[in-house]
Amino acid sequence: SRPPPNRQSVVQRAPAAGDTESSGPNRRCLLPHSQPPRGGWAVPGPPPPQPPPHDLSMGPGASRCRRYQKNQLYTEALNTYSLIVRNKQYAQSGRLRVNMGNIYYEQNKLSLAIKMYRLALDQIPNTGKDLKYKIVRNIGNAYVKIGQYQDAIGSYETIMEGGNPDIQTGFNLLLCYYALGDRDKLKRHFTKLLNIRKYGASDDDDLDEVMDEVEKENEMFHVDDHLRAEIRERRKQHMEILLTAARLIAPMIEKDWMEGFNYIIEQLRHYELKDASSRLASEMQMCKALQFLKYKKYNKAIDALKAFEKKDKQLKAKAATNLSYLYFLEGDIENGQKYADMSIATDKYNAKALVNRGNFYYVKQEYDKAKELYMDALAVEADCIEAMYNLGLTTKQLGQYEESNYGSLHVFQKLQSMIPDSTEVAYHIANLYDLMCDYHKASEWFQRLVSRVPTDPNVLARLGAIYAKEDDESQAFHYHLEAYRYFPVNMDVISWLGAYFVKNEVYEKAMQFFERAAQIQPNEVKWQLMVASCHRRIGAYPQAKALYEEIHKKYPDNAECLRYLVHICNDSGMKEEAVEYHKKLKRLEARVSQDEFGYIPQGADDDEGEELPPSYGAEQIKPDIDVGIVRGTAITDMNGAAGGPKASTSAARINKRQQEQQKEIQAMGKKAGIPQDDDDVDLDVDEMLPGM
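The following paragraphs examine the structure supplied in this document. Note that the coordinates shown come from a computational prediction; the quantities given were computed from them, not determined experimentally. (Residues numbered from 1 in each chain as written. Predicted model: local features only at pLDDT ≥ 70, side-chain atom pairs only at ≥ 80, totals over all residues. Heavy atoms only, no water.)

**A short note on the overall build of the protein**
The criterion, for reference: Only DSSP runs of H or I reaching four residues or more are called helices, and only runs of E reaching two or more are called strands; each is numbered from the N terminus. Two residues qualify as a contact provided that any one of their heavy atoms is within 4.5 Å of a heavy atom in the partner residue. In these tables, accessible area is a Shrake-Rupley quantity obtained with a 1.4 Å probe, and a residue counts as shielded only by the protein chains included in the view.
Helix and strand counts for the protein come out as 33 helices and zero strands. Relative to all contacts within the protein whose residues are 6 or more apart in sequence, the contacts with residues 24 or more apart total 50%. Surface accessibility of the protein: about 39700 Å² in total, with carbon and sulfur atoms responsible for 50%.

Have a look at this one:
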């Protein structure tokens, strides 16, 4: 009555070998399981995918961080680095912390950089000693940047004493000793610095000699590759660091700088016994010769440089170049040219020697030859600043302002692109535009110059003069006044400001500038005459008369002062004084006539019964008697006749000479914008215009 068992779900044990009795039924029970399913037997698939190693999974993230860092996306780089280094299974997290420290170093977050470097040291295994030493050097560099030189010394000494010293770390340690001023440690450490092996050198000296011979043979047959070029470049850097260290500490390791140089030169001579190709001792002797220039011991410098005439070709050329420069400074053209030619003969591609030779032609005003040499120097060294600057000055002297390639303006503009912060170059560009009468661009460049040197009185005065040429009186007055404020003894500025106030009839202000001019040039009578004239213009006749009398005592031969005294005394009713000054004036004119023409006018010395001519009478004075003096004419009466029977021909000739002088003064006054109306300007005011 039970249902039959489900054969599909029954699985019995397979019969053992030899079990014949039960093999049949059992086999029949297993038959349903041996039949294939409808879709066929299932083929076993591949194993499930395993997670990749951590080094490969973190690689793309680290690469992305490097891209962030190179593009200065520091925040994104630090965030991504932080996510990576949190995974403790990542074996290279120490290296990534070094990168994080470098980012903090670039951001000037030096304390965080030092922290990251120390974390990196803890995570990097002991097998990576070279990497650890580099991290320690980074820590020392961060301490130097902070200013903690003692901590930096500890980091650098760890590297130098750890058996892996390098020239860069040694130089950094020497800089720390230099900053602390420790002379004894500087001397000891410099000796250690000389014992550091050059890049590519071995412990076996014989092997090094063989390698040097092979190197010479390769150079002879022009055999070269990138590895040899890299070794030569690193050895060159090694020598440059040693020379820089020697030049740095030589003046300070001893109380006498000469003893310091002698000590360093002696140490370098011992070093040359190991490496004869270094020539560091000779380079230091050259530096010692140049050090004499710093202390203005020119004779010793010349003697030291002349000792290099028997040295090798390269040192001889350097010494000749320096000697040529020294003789140029001393003004010894003959010896300077001699050594300049010697330097060019030794090395015709020496740009500095070509510049020195051109300088001597420039001094002799042979500008064409100087220009040719400067162009040769630029052909050898296209970025030679000295050659380009001197070429601009030479073409400026030749009047070649706007030539396409080698005109003065083009040269200075090119030089300005190379050294944009040079105020000298900007001044020459502005000056050239002024010479070319392009006042708009000249004022633009002078404005740039004023923004860089806002307190330079000469630049302010030039800018004011340019605005005066453009008839912009307000700007001209502003910059002239600024120039006067920073340098109140510039006579051109003082005279311009005085003339400006006279033009605007502000005589009180003009008087202040003329008084300053009289203080600067006390022997120049015209400034004192201008001060007195300003007093007369404002109606202060007593002060004007007192000044004229003081001027007459100092300069009794000044005819203008006597004429003004005659007029002031006459206007004030002082007839006796007016007659007396008129006599002196006539005697002065007579003496001048005798000196110039060889005779004395008739009646010039007859002073008895002398009276003023009719034109000096109170009832016959012209409305503005100063007009006759401004024009330089003889004093006349109301009818236009000569002033009395005793008027002399010498006075007429003197007046003619004064008329010619007055025309020149008025022409200069027009350039300065001074009014030429006779009723507004006196002669003594116009006389200050030359030089404007």
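**Some words on a nonpolar patch on the surface**
Condition: To count toward a patch, a residue needs a relative accessible area over 30% and no salt bridge; like charges are then connected within 9 Å, while nonpolar side chains (Val, Leu, Ile, Met, Phe, Trp, Tyr) are connected within 5 Å. Salt bridge, as used here, is a side-chain nitrogen of Lys or Arg placed within 4 Å of a carboxyl oxygen of Asp or Glu. With a 1.4 Å probe rolled over the protein chains alone, any residue whose accessible area is under 20% of its type maximum counts as buried; one over 50% counts as exposed, and the rest are partly exposed.
Residues Y486, F487 and V489 make up a contiguous nonpolar surface patch of roughly 250 Å² in combined accessible area. With respect to the helices, strands and loops of the structure, V489 is situated in the loop between α24 (473–486) and α25 (491–503). Residue class for V489 comes out partly exposed when judged on its relative accessible area of 39%.

**Considering helix α21 (residues 423–435)**
Formally: To estimate how far a helix should reach, multiply one less than its number of residues by 1.5 Å.
Taking 1.5 Å as the rise per residue, α21 with 13 residues should run 18 Å; its terminal C-alpha atoms sit 18 Å apart, in good agreement. Listed in full, the buried residues belonging to α21 are V425, A426, H428, I429, A430, N431, L432, Y433 and D434. The inward-facing, buried residues of α21 abut α19 (385–397), α20 (408–418), α22 (439–452) and α23 (457–469). C437 sits one or two residues past α21 and shows a positive phi near 65°.

**A word on the pattern of salt bridges**
Across all of its chains, the model carries 17 salt bridges by this definition. In this structure, the salt-bridge partner of K545 is E577, at a minimum N-O distance of 3.2 Å. Placement of the pair is K545 in helix α28 (residues 541–554) and E577 in helix α30 (residues 575–597), with a sequence separation of 32 residues. The class for K545 is buried, based on a relative accessible area of 12%. For E577, a relative accessible area of 33% translates into the label partly exposed. Its salt-bridge partner being R563, residue E560 comes within 3.1 Å of it at the nearest N-O pair. Here E560 pairs with R563, and both are found in helix α29 (residues 559–571), just three residues apart, close to one helical turn. The buried category is assigned to R563, whose relative accessible area is 9%. Linked through salt bridges whose partners overlap, the residues forming this network are D434, R462 and K469.

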